[in-house]
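So you can see what is in the structure, the chains are spelled out below.
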Amino acid sequence: MMAGMTGEETRTAMSPPIRSSAQDTELQPPATRAWLTRVVIIGIVLTALNLRPAITSLGALLEEVRDGLGMSGSFAGLLTSVPPLCFAVFGVMAPRLARRFGPAAVVCAGMVAIAAGLAIRPFAGNTAGFLVASALALMGIAVSNVLMPVIVKRWFPDRVGSMTGLYSMALALGTAAAAAVTVPMTRALGGSWHAGLAVWAGLAAVAVLPWIPLVRARGTALSTDAASTPASAHGVPSASAAGQEPPALRITRSRTAWALAVFFGLQATAAYITMGWMAQIFRDAGVPAGTAGLLLAVTMVMGVPLAFVIPRLATRLPHQGPIVVALGVCGLVGYAGLYLAPAGGAWAWALLLGIANCAFPLALTMVGMRARTGAGVAQLSAFAQSTGYLISIPGPLLVGVLYQHSGGWGLPIALMAGLMIPQIVVGVLAGRDRTVEDEAARRQ
C-alpha cells in the first residue's frame with residue numbers, strides 16, 4: 001500500500017496523529033459522514049473557482065476601467081499590485097481567525113467578502129472606491145488561500161495529493177474562465193464594463209452555500225474542531241496528540257525556506273503581471289479585445305491539466321530542479337516572442353507563458369516536500385507565502401510605471417524575462433532533497 005503512495009501522501013500517512021474534524025465525523029452515521037464529505041468537496045471546488053476571477057476579469061477590461069475612472073498608467077499598475085499586497089497582509093490574519101471562529105466559518109465569510117466586493121466595486125464611482133471594494137474581495141481571497149490547504153489536509157489526510165490537484169485545477173479553471181468570457185459577456189450585457197465585472201459576484205455568492213451547513217453542524221463542522229484544538233487547526237499535532245508541545249522551528253535559519261520563499265515570490269510576480277497586463281500587451285499590438293481575452297484564457301487554462309500533473313511528477317523526483325528549469329525556459333521563450341512578434345505568434349506565446357505560470361502548483365508541492373512534520377509544513381507554508389507575496393508586490397506596479405514612461409512594452413517585457421533567471425536559480429535551490437527541520441537544527 002505504501003508503495004502506491006506519492007511522496008507527499010507517504011509523509012502525510014507517517015506524520016504524527018492529527019485530530020481532525022473528518023475524524024470527528026466517525027461519531028456520525030455513515031450516511032451523514034458521506035454527505036458531509038461531499039459537501040466539503042463541493043465547497044473546495046466552488047471556493048477555488050472564486051480565487052482568481054476578481055483579478056483576471058479586471059485584466060480583460062483594464063483599458064475600459066482606466067478610461068471610465070480616469071486612471072493613469074501608474075495607478076493601474078498600483079491596482080495590479082493590490083492582490084499580492086492583500087494576500088500578504090490579510091493572509092497573516094487567517095490562522096488567528098481560524099482558531100477563533102473555525103476554518104469553515106472564515107472561508108464562508110471570505111466568500112461573502114468576495115461577493116460583496118465584486119458587486120460594489122464597478123459602481124463605486126471613483127478610483128478610491130474601486131480600490132477599497134477590490135481590497136474587500138481580495139481580503140476574502142487571501143484568507144481562503146491560506147485555509148484551503150488546511151481544510152484539504154484535515155478532511156482528506158490520505159488523499160492530500162489528489163485533492164490538492166483537484167483544488168488547483170478548479171482554481172486554474174476559474175482563472176481561465178474569467179479571462180475568456182468577461183469581454184464577450186460584457187458585450188452581451190450591453191457593453192457596460194460595470195456589468196461585466198459585477199456578474200462575477202454571483203459565482204462567489206453560490207460558493208457561500210456549501211459552507212453554511214458545515215458551520216452549523218456542531219461536532220462535525222470544522223469550526224468546532226478548530227475551537228477545541230487550536231494547534232491542530234493548522235495541520236499541527238496538538239499537545240495531547242503528540243504528548244508534548246512541538247518544538248519551535250527557527251524557519252528563518254533554513255536556506256531552503258528562504259529559497260522557496262523567493263521562488264514563490266518571483267513566480268507570483270510573473271503570474272500577477274501576466275493576469276494584469278498580458279491582455280493589454282496583445283491589445284496594444286493590434287489584437288482585438290475579445291481575442292486578447294481568449295489569449296489570456298489560454299495562458300490561464302494551461303494550469304488546469306498541468307496543476308494536476310506537476311504535483312504528482314514532482315513527488316516522484318528526488319530533486320525538482322529539472323521541472324523548475326523546464327518551466328523557466330518556456331517563460332523565457334514566451335517573453336522573447338512577446339518582444340519580437342507579439343501579434344504574429346500570439347497563440348504560441350500565450351501557451352508557453354501558461355506553462356511557465358504552472359510554477360505555482362510546483363511551489364505548493366515543494367512546501368509539503370521540504371518539511372518532515374506537520375508543524376514544519378505549516379510554518380514553511382506561512383513563511384513562504386507571506387514572504388513571497390511581499391516580494392511580488394513591486395512587480396506589476398513597476399511594469400505600469402515602465403510602460404507609461406517608455407511608451408511601449410519593450411522595457412516591461414525585458415523586466416519580466418530578466419526576473420525569470422533568478423526564479424530558475426532559487427527554484428533549483430528550493431528543489432534539493434532536504435528538509436527545513438534539518439537545516440534549522442544544524443544552524444541552531
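This text follows the structure it describes.
Every value quoted in this text rests on a predicted model; they were computed, and no experiment measured them.

(A) Up close: the packing of aromatic side chains. This structure, assessed with the given rule, holds 8 aromatic pairs. Between Tyr 403 and Trp 409, the ring centres sit 4.1 Å apart and the planes meet at 15°, which makes this aromatic pair stacked. Neither Tyr 403 nor Trp 409 differs from the other in exposure class; each is buried. Here the aromatic cluster, defined as three or more aromatic residues joined through ring pairs, consists of Phe 87, Phe 264, Phe 360 and Tyr 389. Between the NZ or CZ atom of Arg 52 and the centre of the ring of Phe 360, over which it lies, the distance is 5.9 Å.

(B) Quick peek at a nonpolar patch on the surface. Taken together, the side chains of Val 206, Leu 209 and Ile 212 make up a nonpolar region of the molecular surface, amounting to roughly 250 Å² of accessible area. Structurally, Leu 209 can be placed in the loop between α12 (200–208) and α13 (211–216). Of the residues examined, Leu 209 reaches a relative accessible area of 54% and is grouped as exposed.

(C) Structural detail: the packing of helix α8 (residues 103–120) against α12. The N-to-C vectors of α8 and α12 enclose an angle of 165°; their axes lie 8 Å apart at closest approach. Considering the angle they form, α8 stands roughly antiparallel to α12. Between α8 and α12 the crossing geometry is left-handed. Note on element contacts: α12 touches α8 through Trp 200, Ala 201, Ala 204, Ala 205, Ala 207 and Val 208, opposite Cys 108, Met 111, Val 112, Ile 114, Ala 115, Leu 118 and Ala 119.

(D) Representation of α12 in the model. Considered for burial, the residues of α12 that qualify are Trp 200, Ala 201, Ala 204, Ala 207 and Val 208. The buried residues of α12 all sit within an arc of 115° when viewed along its axis, so they share a single face.

(E) Structural view of the nonpolar core. Residues Ile 44, Val 65, Phe 130, Trp 211, Phe 263 and Leu 362 are the most contacted members of the largest nonpolar core, which totals 124 residues. At 18 residues, the largest contribution of residues to this core is made by helix α16 (residues 255–284).

(F) Representation of the pattern of salt bridges within the structure. Enumeration over the complete set of coordinates arrives at 1 salt bridge. Here Arg 434 ties to Glu 439 by a salt bridge, and the two come within 3.9 Å at their closest N and O atoms. Look at Arg 434 and you get partly exposed, because its relative accessible area is 33%.

(G) Spotlight on helix α24 (residues 410–430). Under the 1.5 Å per step criterion, the end-to-end length of α24 is 31 Å for 21 residues, consistent within 8% with the ideal 30 Å. Every buried residue of α24 is accounted for by Pro 412, Ile 413, Met 416, Met 420, Gln 423, Ile 424, Val 426, Gly 427 and Ala 430. Looking at the buried residues of α24, the elements they touch are α16, α19 (321–340), α21 (359–369) and α23 (394–406).

(H) Inspection of the packing of α16 against α19 at higher detail. Running from amino to carboxyl end, α16 crosses α19 at an angle of 30°, the nearest separation of the two axes being 13 Å. By the angle class used here, α16 and α19 are roughly parallel. Seen along the crossing, α16 lies across α19 with a hand that is left-handed. Only Val 324, Tyr 335 and Leu 338 of α19 make contact with α16, whose side of the interface consists of Phe 263, Ala 270, Thr 274, Ile 281 and Phe 282. Tallied by class, residues from the contact of α16 with α19 come to 7 nonpolar, 1 polar and no charged.

Here is what the cut-offs are and how they apply
- Residues numbered from 1 in each chain as written.
- Predicted model: local features only at pLDDT ≥ 70, side-chain atom pairs only at ≥ 80, totals over all residues.
- Heavy atoms only, no water.
- Phe/Tyr/Trp six-rings, centres within 6.5 Å; stacked < 30°, edge-to-face > 60°.
- Buried < 20%, exposed > 50% of the residue type's maximum accessible area, 1.4 Å probe, protein only.
- Lys NZ or Arg CZ within 6 Å of the ring centre and 35° of its normal.
- Patch = residues over 30% accessible without salt bridge, like charges linked within 9 Å, V, L, I, M, F, W, Y side chains within 5 Å.
- Areas by Shrake-Rupley, 256 points an atom, 1.4 Å probe, with all protein chains shown as cover.
- Salt bridge = Lys/Arg side-chain N within 4 Å of Asp/Glu carboxyl O.
- Helix = DSSP H or I, 4+ residues; strand = E, 2+ residues; numbered from the N terminus.
- Axes fitted to C-alpha atoms, helices over the stretch in contact; angles between N-to-C directions.
- Parallel < 35°, antiparallel > 145°, perpendicular 65-115°, else oblique.
- Left-handed = near helix turned anticlockwise from the far one by under 90°.
- Contact = heavy atoms within 4.5 Å.
- Arc of directions from axis to C-beta.
- Core = buried A, V, L, I, M, F, W, Y, C linked by side-chain atoms within 4.5 Å.
- Expected span 1.5 Å × (residues − 1).
- Nonpolar A, V, L, I, M, F, W, Y, C, P; charged D, E, K, R; others polar.

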